[in-house]
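Coordinate inspection notes
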Number of protein chains: 2
Amino acid sequence: MTKSRQLLETVEAALKSAGHPPLSWYDALLELEKVGEEGIRPFELRQRLLLPQYGTSRLLDRMVTAGLVNRRDCEEDGRGQIVFISERGLAIRKAMWPEYSKVLTDGIGDKLTRAEAVQLAMLLSKL
Amino acid sequence: MTKSRQLLETVEAALKSAGHPPLSWYDALLELEKVGEEGIRPFELRQRLLLPQYGTSRLLDRMVTAGLVNRRDCEEDGRGQIVFISERGLAIRKAMWPEYSKVLTDGIGDKLTRAEAVQLAMLLSKL
DNA sequence: GCAATATAGATGCATCTGTATCTACATTGG
DNA sequence: CCAATGTAGATACAGATGCATCTATATTGC
């Protein structure tokens, strides 16, 4: 837990100092990129990101305000909406990757052999 | 990272619903318990817990307010102080353990064999 | 001895999170 | 059909976090 907290803080700091949004935005943008222009319901995004409901709501709010995500009404469900990534969102997601990747490499990649990394992933997936 | 976040959230929720303080208090109390009535300087505690400086300052503030920790001036360094755990702090730390332990057992202990757990600990320590 | 610099710890401000609750629409059972 | 209940999403309020900076004391180099 300590390790993952440290890693997270390092990634956040690296992203921020490069002028990028926080990590949670990256995860969300990645999911939104996967579903493409068809979009996704916020409650589905919530399930994929394992975030609390209010967290998802506010995260989307901020990303919409920043112009990285667009909303439209859901036709099948009057309570719902559909969110999808914008061009700008795609660009930002891509731009964030190098920083993210670099920290992960520095923090993990260089300290484990490939076999060890595979083993670690295997053990964690059991949890 | 997702796993550790989930685990943390589960532990926090369990502690809160049992009327206990958050997990960060547990970690701090445990360190304070280790050094006993001799106490410790906040900046040393900070290093052990890997917390930011302002985080340590405010965490101690809250714990002092709650009566779990006492402060006294440091004689060797006029800028400094020494903090140490109170009787109440000891009791609370002890009372928190069952909840904490239970969640860890449910979340990890039951899903890995002993050998796997050892291996996981080994790999994580390499990081 | 003292000016420059470093370190311990606190804190104002903006932002973020957690909790509880609210509104609006959907579904279900009689 | 409609009352009761359920679900999607937003939000007010309180508390926590991150950042930058402040005060006070300590250390260092001249």
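Further up the page is the structure itself.
A few points on the structure. Numbers given to residues run from 1 along each chain, matching the order in which its sequence is written. As they are written, the chains are lettered A onward and the ligands numbered 1 onward, keeping that order. Per-residue local features of the predicted model are confined to residues with pLDDT of at least 70, and side-chain atom pairs are confined, for both listing and counting, to 80 or more; whole-chain, interface and lining totals are unaffected and use all residues. Computation of side-chain values: all heavy atoms of the structure, hydrogens and water removed.

1. What to know about the overall build of chain A
- Scanning chain A from N- to C-terminus turns up six helices and two strands.
- The N-to-C order of helical and strand elements in chain A reads α-α-α-α-β-β-α-α.
- Seen through its principal axes, chain A has C-alpha atoms that stretch 50 × 35 × 25 Å.
- Considering only contacts in chain A between residues 6 or more positions apart, those separated by 24 or more positions represent 53%.
- Looking at chain A as shown, the accessible area adds up to about 7600 Å², and 52% of this sits on carbon and sulfur atoms.
- Separation of charge centres in chain A, based on 19 positive and 18 negative side chains, amounts to 5 Å. Only runs of H or I of at least four residues qualify as helices and only runs of E of at least two qualify as strands under DSSP, and these elements are numbered from the N terminus. Residue contacts are counted whenever heavy atoms from the two residues lie within 4.5 Å of one another. Only the protein chains shown count as cover for residues, with accessible areas throughout obtained via the Shrake-Rupley method and a probe of 1.4 Å. Residues scored as positive are Lys and Arg, those scored as negative are Asp and Glu, and His as well as the terminal groups of each chain are ignored. For the purpose of locating charges, the reference atoms are NZ of Lys, CZ of Arg, CG of Asp and CD of Glu.

2. Looking at the layout of surface pockets
- For each structure, a 1 Å grid was placed over the protein atoms alone; sets of points admitting a 1.4 Å probe that cannot get out are labelled cavities, open sets with protein on both sides within 12 Å along at least five of seven lines are labelled pockets, and lining residues have an atom within 4 Å of a point. Grid points are joined across faces, edges and corners, and a volume is the space filled by probe spheres set on the points. Here the second largest pocket is characterised by a volume of approximately 730 Å³.
- Forming the boundary of the second largest pocket are 21 residues, of which Leu-8, Leu-23 and Asp-27 of chain A together with Met-1 and Arg-5 of chain B lie nearest the centre.
- Counting residues per element, the ones that place at least two in the lining of the second largest pocket are helix H1 (2–17), helix H2 (23–35) and helix H3 (42–49) of chain A together with helix H1 (2–17) of chain B.
- We call Asp, Glu, Lys and Arg charged. Ala, Val, Leu, Ile, Met, Phe, Trp, Tyr, Cys and Pro are nonpolar, and the rest, Gly among them, are polar. Residue composition of the lining of the second largest pocket, by class: 10 nonpolar, four polar and seven charged.

3. Some thoughts on the relation of the copies chain A and chain B
- Least-squares superposition aligns the copies on the C-alpha atoms of those residues with pLDDT at or above 70 in both. When chain A is brought onto chain B, the operation consists of a screw motion whose angular component is 180 degrees and whose axial shift is 0.1 Å, with 0.1 Å RMSD remaining. Such a combination of rotation and displacement between the chain copies is what one expects of a two-fold axis.
- A high fraction, 100%, of the interface residues of chain A reappear at the interface in chain B, so the copies pair face to face through one surface.

4. What to know about the protein's contact with DNA strand D
- Of all residues adjacent to DNA strand D, which total 19 residues, the nearest are Phe-43, Ser-57 and Arg-79 of chain A together with Tyr-54 and Gly-78 of chain B.
- Think of it this way: one heavy atom of a residue within 4 Å of a molecule or strand is enough to make that residue near it. The contact atoms of DNA strand D, taken as those within 4 Å of the protein, divide so that sugar and phosphate hold 57%.
- Side-chain atoms alone can form a polar contact between residues adjacent in sequence; in general such a contact is a pair of N or O atoms within 3.5 Å, and within protein one must be able to donate a hydrogen while the other accepts it. At 3.2 Å, a side-chain N or O of Gln-81 of chain A approaches a sugar or linking oxygen of DNA strand D.
- For the surface near DNA strand D, the secondary structure elements donating two or more residues are H3 and helix H4 (53–65) of chain A together with helix H4 (53–65) of chain B.
- With four residues, H4 of chain A is the largest single contributor of residues to the surface near DNA strand D.

5. A look at the packing of aromatic side chains
All names here are of chain B.
- Pairs were defined over the aromatic rings of Phe, Tyr and Trp, the Trp ring being its six-membered one, requiring ring centres within 6.5 Å. Orientation was assigned from the angle between planes: stacked under 30 degrees, edge-to-face over 60, tilted for the rest. This model, assessed by the stated rule, comprises six aromatic pairs over all chains.
- Note on Tyr-26 and Trp-97: the rings are 6.3 Å apart at their centroids and 25 degrees apart in plane angle, and the pair reads as stacked. Here Trp-97 lies in helix H5 (residues 87–107) and Tyr-26 lies in helix H2 (residues 23–35), a separation of 71 residues in the sequence.
- Seen from their ring centres, Tyr-26 and Tyr-100 are 5.0 Å apart, and the 80 degrees between their planes marks the pair as edge-to-face. Of the two residues, Tyr-26 is situated in helix H2 and Tyr-100 in helix H5; the sequence distance between them amounts to 74 residues.
- The rule is simple: take the accessible area with a 1.4 Å probe, protein chains only, and divide by the maximum for that residue type; under 20% is buried, over 50% is exposed, in between is partly exposed. Given a relative accessible area of 4%, Tyr-26 falls into the buried group.

6. Comments concerning the protein's contact with DNA strand C
- Taken together, 18 residues form the shell around DNA strand C, and within it Tyr-54 of chain A together with Phe-43, Gln-53, Ser-57 and Arg-79 of chain B come nearest.
- Counted by atom, the contact set of DNA strand C within 4 Å of the protein is 57% sugar and phosphate.
- Contact between DNA strand C and Gly-78 of chain A: a phosphate oxygen at 2.9 Å from a main-chain N or O atom of the residue.
- A distance of 3.4 Å separates a sugar or linking oxygen of DNA strand C from a polar atom in the side chain of Arg-41 of chain B.
- Mapped by element, the contributors of at least two residues to the surface near DNA strand C are H4 of chain A together with helix H3 (42–49) and H4 of chain B.

Geometric descriptors of this kind do not, in isolation, establish any biological role.
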